[in-house]
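Observations on chain architecture
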Amino acid sequence: MSSSKTSHFLPLPPLSLRTPPPPYRRPTIISTYSHQPDRSIRHDDSSMAYYRPAPIGCDLNHGFDRRTERNESVDEHLDGLCDALRKVEEESGKGERKGGIITWRGMITRIMTAPYEDREGWEMTAIALDGSVYVELHDPPDVRAKRRKQQSTWAWQTYMGYSFESFSTQFLVPEQENEDWPTGWGGDVNTNVQWCNVVRSAIGDIPLCLGGEVDCVRAEPGTPHPGLEKCVELKTNRVIENEKQEFIFHKKLLKHWAQSWLLGIPEIEVGFRDDSGILRNQRAFETEKIPRFIASVPSAHPPWTPGPCLHFLHAVLNLVLTHILPTDPCLRYPPDSIRRGEQSPLPPATMWRFSFIPRRGCELYE
Ligand code: A3P
Ligand code: MG
Ligand code: MG
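In short, a report on the structure. What you see is a predicted model, and the numbers here were worked out from it, not measured in a lab.

Bringing the overall build of the chain into the picture now. Per the secondary structure count, the chain includes 9 helices and 16 strands. Per-residue burial for the chain yields a buried fraction of 47% across its 366 residues. Summarising the internal contacts of the chain: among those between residues at least 6 apart in sequence, 74% fall at separations of at least 24. Total accessible area computed for the chain in this model is approximately 18500 Å², and 52% of it derives from carbon and sulfur atoms.

Below, the structure is given as structure tokens:
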């Protein structure tokens, strides 16, 4: 427990909970933008990649020594997302963000999958500003250093995830092809490059504005953004050879499902590789059918169901909004004249934190 003056505790729901969860509204796109190879941002779809199946037998170790990795010591906060929203508001002349949660899709994935997370806790910062609550990871240097150390032991597996992306995609403007490029290689890995989609959605009565990376689209190279319904998420997994490995994969499908469901990505393409990094097979999953697929797996207890996840997500966000947003509706949804500074100014932003303690629940504190 924190030593702060005010705190509220929300226990995890029972995993046996079967009451209907709050609905998740189908996401719609507000905006897109593209991180370039040098990490700068362009407000266009220049980093959108087109899907084409990776060749079975390709070597996911390819290009490891030529990779460029994003500098993760730079904390970008919510900058890209806020930039995109500012631009939308300038162009449309209306506020996009009133009255809800604004964050990265990855934050909502963490909150949503927490009921089934036994090991990794987390802490997030929530800032109320201009009628909305901005949520980001609270990532102190010591926590970040520890995570990066852990990640470095997985560097090779991580690389194979990106390499599968390269073998599964092509860009409109291909990189200069090199003679030693193997068949299907889409270009050397540069993790600065990302294509982000900003969507509006809601969980129950709580509005959400989420930004997240989309791996690629299923469309003819050269076509403009074909809509969320053509977006594809790419994943890798070790080939499954026994029941235990199958069970672990089914557990992992919770995170894959949540990540894609939240942004409205309908398809997840999983590449299965062997221990030496050779792609052995691949399989497409329809995001919306994954919970039914998991429920249909013969087992005494399914590894997860979406109900507790959606209940917990709604409960956490409701807790955050209830305690952080001003209760006066005028302050919660300030009229445009106040927003423009023509009337008395808004109260200063307030900041709270909330943390997740595995197997227990969520604590919110000032
Ligand atoms: P896999 O997806 O095959 O695991 P994403 O799947 O979200 O598009 O991310 C692409 C790749 O980045 C992942 O490949 C994985 O290698 C790496 N990655 C993503 N999130 C990560 C995390 N939290 N820790 C370590 N690696 C991660
Ligand atoms: Mg990705
Ligand atoms: Mg991916």
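Further notes follow.
Octahedral metal centres with six donors ideally show angles of 90 or 180 degrees, and tetrahedral centres with four donors ideally show 109.5 degrees. Donor atoms from the polypeptide that bind the magnesium ion (ligand 3) are Asp 215 (OD), Glu 233 (OE) and Leu 234 (O), placed at 2.1 to 2.2 Å. Taken in sequence order, the residues that donate to the magnesium ion (ligand 3) follow the motif D-x17-E-L. Taken as an interatomic distance, the gap from the magnesium ion (ligand 3) to the magnesium ion (ligand 2) is 3.5 Å; Asp 215 donates to each of them. Here the residue Asp 215 occupies a position in the loop between strand E10 (206–213) and strand E11 (216–217), and Leu 234 occupies one in strand E12 (residues 231–238), the gap between them amounting to 19 residues. The class of Asp 215 is buried, set by a relative accessible area of 10%.

Another aspect to go through is the side chain of His 35. With respect to the secondary-structure elements, His 35 resides in strand E2 (residues 28–35). The class of His 35 is buried, set by a relative accessible area of 4%. Polar contacts involving the side chain of His 35 include one to the main-chain carbonyl oxygen of Arg 39, which spans 3.1 Å. Not counting the four nearest positions on each side in its chain, His 35 is found in contact with Ser 40, Ile 41, Ser 47, Glu 76, Asn 192, Val 193, Gln 194 and Cys 196.

Protein coordination of the magnesium ion (ligand 2) is provided by Glu 213 (OE) and Asp 215 (OD), with donor distances spanning 2.1 to 2.4 Å. For Glu 213, a relative accessible area of 23% puts it in the partly exposed group.

Moving on, we get to the site of ligand 1. Around ligand 1, a shell composed of Gln 151, Thr 158, Gly 161, Tyr 162, Glu 165, Glu 213, Asp 215, Glu 233, Leu 234, Lys 235, Thr 236 and Gln 259 is seen. Tyr 162 is positioned with one of its side-chain polar atoms (N or O) 3.1 Å from an oxygen atom of ligand 1. Summarising the interface, the protein chains cover 64% of the accessible area of ligand 1, which totals 520 Å² for the free molecule. Secondary structure elements with two or more residues in the shell around ligand 1: helix H4 (155–167) and E12. For the shell around ligand 1, the residue count by class is 2 nonpolar, 5 polar and 5 charged.

Quick look at the pattern of salt bridges now. Across all of its chains, the model carries 19 salt bridges by this definition. Of the charged contacts, one joins Asp 118 and Arg 359 as a salt bridge, the two residues approaching to 3.7 Å between their closest N and O atoms. Residue Asp 118 is found in the loop between helix H2 (105–113) and strand E6 (122–129), and its partner Arg 359 is found in the loop between strand E15 (350–357) and strand E16 (361–365); the two are separated by 241 residues along the sequence. Relative accessible area serves as the criterion here: at 41%, Asp 118 is assigned to the partly exposed category.

Glancing now at the pairing of E10. Within E10, 6 of the 8 residues are buried, leaving the element largely enclosed by the surrounding structure. With 4 bridges connecting them, strand E5 (residues 101–104) and E10 associate as parallel partners. What sits directly across from Ile 101, in E10, is Leu 208. In this structure, strand E9 (residues 194–203) lies alongside E10, joined through 8 bridges in antiparallel fashion. Along E10, the bridge assignment pairs Ala 202 with Pro 207. Linking E9 to E10, which pair antiparallel, is a turn of 2 residues; within it Gly 204 sits at a positive phi near 55°.

So, about the environment of Leu 228. Tracing the chain through its elements places Leu 228 in the loop between E11 and E12. Overall, the relative accessible area of 7% leaves Leu 228 in the buried class. Taking the C-alpha atoms as reference, Leu 228 lies 29 Å from Val 297; in sequence the two are 69 residues apart.

Within the secondary structure, Arg 144 sits in helix H3 (residues 141–152). The buried category is assigned to Arg 144, whose relative accessible area is 12%. Residue contacts for Arg 144: discarding those within four places in its chain leaves Glu 72, Ser 73, Val 74, Asp 75 and Asp 139.

Turning to the nonpolar core, a few remarks are in order. In this structure, Ile 111, Val 133, Leu 317 and Phe 354 are the most contacted members of the largest nonpolar core, which totals 61 residues. For this core, the element with the highest residue contribution is helix H7 (residues 306–324), accounting for 10 residues. Once residues within four sequence positions are removed from consideration, Ile 111 is found in contact with Trp 122, Met 124, Phe 312, Leu 313, Val 316, Leu 317 and Phe 354. In this structure, Tyr 159, Phe 167, Val 232 and Leu 234 belong to the second largest nonpolar core, which totals 17 residues.

If you walk through the whole model with that rule in mind, you get 11 aromatic pairs. For the ring pair Phe 249 and Phe 272, a centre distance of 5.4 Å and an interplane angle of 65° mean the geometry is edge-to-face. On the criterion of sequence distance, the pair formed by Phe 249 in helix H5 (residues 243–263) and Phe 272 in strand E13 (residues 267–273) is long-range, its members being 23 residues apart. Of the two residues, Phe 249 and Phe 272, both sit in the buried class. Members of the aromatic cluster, joined through ring pairs, are Tyr 24, Trp 257, Trp 261 and Trp 304. Taking NZ or CZ as reference, Arg 67 lies 3.9 Å from the ring centre of Phe 64, over its face. Stacked on the ring of Phe 293, the Lys or Arg Arg 283 has its end atom at 5.3 Å from the ring centre.

What counts and how
- Residues numbered from 1 in each chain as written.
- Chains lettered and ligands numbered in written order.
- Predicted model: local features only at pLDDT ≥ 70, side-chain atom pairs only at ≥ 80, totals over all residues.
- Heavy atoms only, no water.
- Helix = DSSP H or I, 4+ residues; strand = E, 2+ residues; numbered from the N terminus.
- Buried < 20%, exposed > 50% of the residue type's maximum accessible area, 1.4 Å probe, protein only.
- Contact = heavy atoms within 4.5 Å.
- Areas by Shrake-Rupley, 256 points an atom, 1.4 Å probe, with all protein chains shown as cover.
- Donors = N, O, S within 2.8 Å, 3.2 Å for Na, K, Ca; no water.
- Polar contact = N/O pair within 3.5 Å; in protein donor to acceptor, adjacent residues only side chain to side chain.
- Near = heavy atom within 4 Å.
- Nonpolar A, V, L, I, M, F, W, Y, C, P; charged D, E, K, R; others polar.
- Salt bridge = Lys/Arg side-chain N within 4 Å of Asp/Glu carboxyl O.
- Pairing = 2+ DSSP bridges.
- Core = buried A, V, L, I, M, F, W, Y, C linked by side-chain atoms within 4.5 Å.
- Phe/Tyr/Trp six-rings, centres within 6.5 Å; stacked < 30°, edge-to-face > 60°.
- Lys NZ or Arg CZ within 6 Å of the ring centre and 35° of its normal.

By themselves, these are just geometric observations and shouldn't be taken as functional.
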